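# Breakdown of the fold
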Amino acid sequence: MRTEWDFQRHFYTDRNDEALNKDVEQFKNEVDAFVEEFKGHIASADDAGIKNMLERFSAMGASEQKVMMYLGLYSSLESQDQGLQKIVQRLQKTQSQYQEKLTFLDEEYKHLGYKRLMELSTQSLFAPYRNYLVAQANSLKHLLPEDQEKLLIKVDEASGQNLHEELSSSFEFDFCGNKITHEEVASLRENPDRSKRLEAFRSIADVYRRKENQIVFGNLYSLVCKDNVFNKEVRKYKTVMSQMNFSEEVSDEAVDTLISTVRKSYPIYHEFLKKKG
């Protein structure tokens, strides 16, 4: 059984592989070409033109996703590599910059309007994009002006969520006399050996119980909560959970029912954990 990731087979030889830089440039070129061709033309396009736009939009970004997936996996193994972290941060900034360029789509969909988007979603021509079109139609009431959407992207780029990920991935954990990464110790929580599972949980607890870490993570959690409340208010969602539920195409009522049912079943899960331990 293999216990190591074969990065070279699926991604790149290393972080300096020229193919990685080429994929980043490909993504940037794809976005620039997309903006050049479709900005200001979608609302007035016929059905064939809109379908062409959706096809291009769906295909765009595969190279960028490959790069970010590779760097995410690589970072989880080399959490102390500052050079790698700088590459990740640079590419995250590039992501944000090009995400800003695509905010014009929201304005185009506003001009198409709810009725037109819903009509398109019912046509067989747009069957592969039906869910996307319905989601865009329903999201119109929550969209902000383009300049404000761009500003929120910049705010998200500097949010505490990124800091939380960077901080937690930088930790080292003592496990049976060895220093291991967050990803490694997390995987050990599911080890078949009970003693190793217990040691993994203790190792994680030792790090997160440190007073300095509790203070930092407590403040980060507070920032994330405030960010969610802010988004709920400016986008006029019913609750802070509504935005996530909306993106998952599920109602608030369905999620509330699920949460309530799970809470009522806590005793069953507690009994399971006792027997498993």
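The paragraphs below set out a description of the structure included in this document. (Residues numbered from 1 in each chain as written. Predicted model: local features only at pLDDT ≥ 70, side-chain atom pairs only at ≥ 80, totals over all residues. Heavy atoms only, no water.)

Along its length, the protein chain carries 15 helices and 2 strands. With respect to the principal axes defined by its C-alpha atoms, the protein chain has extents near 65 × 50 × 40 Å. Each of the 277 residues in the protein chain was classed as buried or not, and the buried ones make up 33%. Here the contacts in the protein chain between residues at least 6 apart in sequence split such that 65% fall between residues at least 24 apart. Element-wise, carbon and sulfur atoms account for 52% of the exposed surface of the protein chain, whose accessible area totals about 18000 Å². Each charge sign in the protein chain was given a centre, from 39 positive and 46 negative side chains, and these centres are 6 Å apart. (Helix = DSSP H or I, 4+ residues; strand = E, 2+ residues; numbered from the N terminus. Buried < 20%, exposed > 50% of the residue type's maximum accessible area, 1.4 Å probe, protein only. Contact = heavy atoms within 4.5 Å. Areas by Shrake-Rupley, 256 points an atom, 1.4 Å probe, with all protein chains shown as cover. Lys, Arg positive; Asp, Glu negative; His and termini not counted. Charge placed at Lys NZ, Arg CZ, Asp CG, Glu CD.)

Turning our attention to the pattern of salt bridges. For the structure on display, the rule yields 11 salt bridges. Arg116 serves as the salt-bridge partner of Asp47, at 2.8 Å between the closest nitrogen and oxygen. In this pair, Asp47 is assigned in helix α3 (residues 47-59) and Arg116 in helix α6 (residues 104-121), connecting sequence segments 69 residues apart. On the accessibility criterion, Asp47 (24% relative accessible area) is partly exposed. Residue Lys238 pairs with Glu253 through a salt bridge whose shortest N-O separation is 3.9 Å. Of this pair, Lys238 sits in the loop between α12 (211-234) and α13 (242-247) while Glu253 sits in helix α14 (residues 252-264), and the two are 15 residues apart along the sequence. (Salt bridge = Lys/Arg side-chain N within 4 Å of Asp/Glu carboxyl O.)

In this section: the nonpolar core. In terms of nonpolar packing, the biggest core is built from 24 residues, with Phe34, Met53, Leu54, Phe104 and Tyr109 touching the most fellow members. Breaking this core down by element, the ones donating at least two residues are α2 (18-38), α3, α6 and α7 (130-139). No other element matches the 6 residues that α6 contributes to this core. Those residues in contact with Leu54 that sit more than four places away from it in its chain are Tyr109, Phe126, Tyr129, Tyr132 and Leu133. (Core = buried A, V, L, I, M, F, W, Y, C linked by side-chain atoms within 4.5 Å.)

The next subject is the side chain of Ser63. By the element assignment, Ser63 lies in helix α4 (residues 62-77). For Ser63, a relative accessible area of 8% gives the class buried. Sequence-distant contacts of Ser63, that is, excluding residues within four places in its chain, are made with Tyr12, Asp23, Gln26, Phe27 and Glu30.

Turning our attention to the packing of aromatic side chains. The geometry of an aromatic ring pair is captured by the separation of the ring centres together with the interplanar angle, meaning the angle of the planes. The full count for this structure, using the stated rule, is 16 aromatic pairs. Aromatic pair Tyr12 and Tyr70: ring centres 5.1 Å apart, planes at 80°, arrangement edge-to-face. Of this pair, Tyr12 sits in the loop between α1 (7-10) and α2 while Tyr70 sits in helix α4, placing them 58 residues apart in sequence. By the ring-pair criterion, three or more aromatic residues cluster together here, those being Phe34, Phe38, Phe57, Phe104, Tyr109 and Tyr132. (Phe/Tyr/Trp six-rings, centres within 6.5 Å; stacked < 30°, edge-to-face > 60°.)

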